[in-house]
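Single-letter residue listing:
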Amino acid sequence: MFKERLLEKLKLSQNGNNPDEKTVQAMTKIQNHKRLSSQEFLKVYDTIWKEGPKTVYQHPDNWRRNVDNY
């Protein structure tokens, strides 16, 4: 299930006329259940990474005050 979702995401990330060769090689290896090289893994990771929401704390140093009380 995860493999199919990952391959679909990688397919959608490819440009129609000019697909990235490293991503295509990684997709082929994933389909064939082979290990990715470090560079291929990082390329796949960069392709599927989405930045999440920023977290803003009202009092970021509160944890220090709580630890000091114990």
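How each quantity is defined
- Residues numbered from 1 in each chain as written.
- Predicted model: local features only at pLDDT ≥ 70, side-chain atom pairs only at ≥ 80, totals over all residues.
- Heavy atoms only, no water.
- Helix = DSSP H or I, 4+ residues; strand = E, 2+ residues; numbered from the N terminus.
- Buried < 20%, exposed > 50% of the residue type's maximum accessible area, 1.4 Å probe, protein only.
- Polar contact = N/O pair within 3.5 Å; in protein donor to acceptor, adjacent residues only side chain to side chain.
- Contact = heavy atoms within 4.5 Å.
- Salt bridge = Lys/Arg side-chain N within 4 Å of Asp/Glu carboxyl O.

## Topic: the side chain of Glu40
- Tracing the backbone shows Glu40 in helix 3 (residues 38-48).
- Judged by its relative accessible area of 8%, Glu40 falls in the buried class.
- At a separation of 3.1 Å, a polar atom in the side chain of Glu40 contacts the side chain of Lys29.
- Contacts of Glu40, omitting those with residues within four sequence positions, involve Gln25, Ala26, Lys29 and Arg35.

## With respect to the pattern of salt bridges
- Under the defined criterion, the tally for this structure stands at three salt bridges.
- Between Glu40 and Lys29 there is a salt bridge, with its nearest N and O atoms 3.1 Å apart. You can see Glu40 sitting in helix 3 and its partner Lys29 sitting in helix 2 (residues 21-31), a full 11 residues away along the chain.
- Since its relative accessible area comes to 27%, Lys29 is described here as partly exposed.
- Between Glu51 and Lys54 there is a salt bridge, with the nearest N and O atoms lying 2.6 Å from each other.

Keep in mind that these numbers describe shape and distance, not what the molecule does.
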